[in-house]
Amino acid sequence: MNATDFHLYIDSADIAQIEACLPHPVIHGVTTNPTLLRRAGVARADVPGLLARCIERGARQVQAQVYSAEADGMLEDALGLLRHFDEGQLVVKIPATRQGLQAGAHLIAQGVPVTWTAVYALEQAHFAAQLGAAYAAPYLGRLNDSGVDGLARIAQMQALVAQAPAPAARTRTRLLVASVRSRDAYLSLLELGVGAITIPPPLFAELMDHPATLEAERGFLADAAAC
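As the structure is a prediction and not an experimental result, all values here were calculated from the model. (Residues numbered from 1 in each chain as written. Predicted model: local features only at pLDDT ≥ 70, side-chain atom pairs only at ≥ 80, totals over all residues. Heavy atoms only, no water.)

Okay, the overall build of the protein chain next. For the protein chain, the count of helices and strands is 11 helices and 8 strands. In terms of C-alpha radius of gyration, the protein chain reaches 18 Å, essentially the compact-globule figure of 17 Å for 227 residues. Expressed along its principal axes, the backbone C-alpha trace of the protein chain runs to roughly 65 × 40 × 35 Å. When burial is assessed residue by residue, the protein chain has 47% of its 227 residues classed as buried. Considering only residue pairs separated by 6 or more positions, the protein chain has 57% of its internal contacts joining residues 24 or more positions apart. Only carbon and sulfur atoms are counted for the fraction: they give 53% of the accessible area of the protein chain, which is about 11,300 Å². Each charge class in the protein chain can be summarised by its mean position, and for the 17 positive and 22 negative side chains these summaries are 4 Å apart. (Helix = DSSP H or I, 4+ residues; strand = E, 2+ residues; numbered from the N terminus. Rg over C-alpha atoms; globule rule 2.2 N^0.38 Å. Buried < 20%, exposed > 50% of the residue type's maximum accessible area, 1.4 Å probe, protein only. Contact = heavy atoms within 4.5 Å. Areas by Shrake-Rupley, 256 points an atom, 1.4 Å probe, with all protein chains shown as cover. Lys, Arg positive; Asp, Glu negative; His and termini not counted. Charge placed at Lys NZ, Arg CZ, Asp CG, Glu CD.)

Encoded structure:
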């Protein structure tokens, strides 16, 4: 996967923070999950409206997670979300459990893009690629918190995903790395060649607004005004 295929997501359910980042050409979309929604005070019934607003602000794709633990419930949740969006706009996030793999595979067969999330093990990334997921989402920070070398584990996952043949008529599965807490972590993931990263809005501001560049701009503007 080359650099032009890279997808950068903003990981938030806070519309004010999201709108501080969008629209911007380097941002592919917005990811959410039930924890982010709870922190932002967004009720389940309000999720489609939040995500529709993100698309209005320039997001090319948005991601929302199912609530159920059983495959049938996951599919019901997914269909309830999908009816609010045009084809391909919504990526359905599903935990990479036994039931989640079953539900996700059914959606993929219907042409729905799926992210299997909470990916901690190599075999989970392999299954996601085997089944044709749009994304498999490991958590860098949480892997490190658990005592695992998160970057090394994600490098192994990236190798597995890169080796997997792309299913017919579908794009190759991207790792969508979440729980990215610093600029150094972000740059290290780029060096691994992962296909997608989702970051919180404050980290996006850190990546965009380099103090030396802003200082240089101020100098250029001052000189321009004096001409």
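So that's the structure; there's more coming.
Looking now at the environment of valine 180. Its place among the elements puts valine 180 in the loop between β7 (174-177) and α9 (183-192). Each C-alpha atom of the pair valine 180 and phenylalanine 6 lies 16 Å from the other, and the pair is 174 residues apart in sequence. Contact partners of valine 180, with chain neighbours within four places excluded, come to Ala185, Tyr186, Leu189, Ile197, Thr198, Ile199, Pro200 and Leu203.

Describing two packed helices takes the angle between their axes plus the distance from one axis to the other. Two elements in contact, helix α6 (residues 122-131) and helix α8 (residues 150-163), have axes whose closest approach is 9 Å; the angle formed by their N-to-C orientations is 25°. Accordingly, the angle class assigned to the pair α6 and α8 is roughly parallel. When you trace α6 past α8, the crossing you get is right-handed. Taking contact as the criterion, the partners of Leu122, Ala125, His126 and Ala129 in α6 are, on α8, Arg153, Gln156, Met157, Leu160 and Val161. Residue classes in the contact of α6 with α8 are distributed as 6 nonpolar, 2 polar and 1 charged. (Axes fitted to C-alpha atoms, helices over the stretch in contact; angles between N-to-C directions. Parallel < 35°, antiparallel > 145°, perpendicular 65-115°, else oblique. Left-handed = near helix turned anticlockwise from the far one by under 90°. Nonpolar A, V, L, I, M, F, W, Y, C, P; charged D, E, K, R; others polar.)

A few words on α8. With 14 residues, α8 should cover 20 Å at 1.5 Å per step; its first-to-last C-alpha distance of 20 Å lies within 8% of that length. On its buried side, α8 packs onto β5 (114-119), α6, β6 (135-138), α7 (140-145), β7 and α9. (Expected span 1.5 Å × (residues − 1).)

Any functional reading would require information beyond the geometric quantities listed.
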